[in-house]
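# Analysis of the macromolecular model
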Amino acid sequence: DTGVSQDPRHKITKRGQNVTFRCDPISEHNRLYWYRQTLGQGPEFLTYFQNEAQLEKSRLLSDRFSAERPKGSFSTLEIQRTEQGDSAMYLCASSMEGPRAQHFGDGTRLSIL
Amino acid sequence: AQTVTQSQPEMSVQEAETVTLSCTYDTSESDYYLFWYKQPPSRQMILVIRQEAYKQQNATENRFSVNFQKAAKSFSLKISDSQLGDAAMYFCAYRSAYNAGNMLTFGGGTRLMVKP
């Protein structure tokens, strides 16, 4: 069990640029979640996948946000035309199917200049 | 929609003492799961303890225990014999047993400081 891995750990970009984050879940986990955490707040759910299927995406913050998990393994979260308000920590978590605990990665901290 | 409230933004405890962190939640569902997660500074969030709503017995994990009051929709975390390594943000989280996605709804967190 190597844990959930996220890359990069920190991303600094200018407003208006596109950014993409990667998440590698624990290998035997078929569920993968994305959350956003702003400073001083608890994480906020964005979207989740079961295998390669994105089963919930209504909580994505705007149409600038999209996520993929093309082969049911790693996932990417893309933010297009970044805005100041996108500055946050983006957390990925994975779990087995069913009422299992979610395991979190270290997160990617996004800073918009 | 479910909501989770942590009314204590910060708590402080002396090393070796006991501290209780509060959490309340609002739901119309009868079956769900509750969690406490710990997030040390600049480190990943880790699960501390979980409670199934259908179980009346309070969960315990070593020095960590919960007081689950279903009727009051209260779920507090007790940390006994506090250690310096317990210093972190603590988040209470709710998960529905009915929603297939099982996404977590988090409270705003409590920052726990441990004094040597």
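Look up: the structure comes first, before these words.
Below is a summary of the structure that appears in this document.

Quick look at the side chain of Asp 86 of chain A now. Along the chain, Asp 86 of chain A turns up in the loop between β8 (75–79) and β9 (88–95). For Asp 86 of chain A, the contacting residues outside a window of four places in its chain are Arg 36, Arg 64, Phe 65, Ile 79, Leu 110 and Ile 112 of chain A.

Looking now at the interface of chain A and chain B. Between chain A and chain B, the contact holds 22 residues from the first and 19 residues from the second. The contact between chain A and chain B buries some 1600 Å² in all, and 49% of this surface belongs to carbon and sulfur atoms. Summed over the three residues of chain A that lose the most area to chain B, namely Pro 43, Pro 99 and Phe 104 of chain A, the buried surface amounts to 30% of that side. Our count for the contact surface shared by chain A and chain B stands at 0 salt bridges. One can count 6 residue pairs in polar contact (both at pLDDT 80 or more) joining chain A with chain B. When residues of the side of chain A that touches chain B are traced back to their parent elements, those giving at least two are β4 (31–37) and β5 (44–50) of chain A. Of the residues that constitute the side of chain A that touches chain B, the class distribution is 10 nonpolar, 7 polar and 5 charged.

Residues and elements named next belong to chain B. As defined by bridge partners, strand β3 (residues 19–21) adjoins strand β9 (residues 74–79) across 3 bridges and the pair is classed as antiparallel. Bridging across to β9, Val 19 finds its partner in Ile 79. As judged from the 6 bridges shared by strand β8 (residues 64–69) and β9, these two strands associate in the antiparallel manner. Bridge pairing in β9 places Phe 64 opposite Ile 79. Count of turn residues in the β8/β9 antiparallel hairpin: 4 residues, of which Lys 73 carries a positive phi of about 55°.

What counts, and at which threshold
Residues numbered from 1 in each chain as written. Chains lettered and ligands numbered in written order. Predicted model: local features only at pLDDT ≥ 70, side-chain atom pairs only at ≥ 80, totals over all residues. Heavy atoms only, no water. Helix = DSSP H or I, 4+ residues; strand = E, 2+ residues; numbered from the N terminus. Contact = heavy atoms within 4.5 Å. Buried area = accessible area lost by both parts, 1.4 Å probe. Salt bridge = Lys/Arg side-chain N within 4 Å of Asp/Glu carboxyl O. Polar contact = N/O pair within 3.5 Å; in protein donor to acceptor, adjacent residues only side chain to side chain. Nonpolar A, V, L, I, M, F, W, Y, C, P; charged D, E, K, R; others polar. Pairing = 2+ DSSP bridges.

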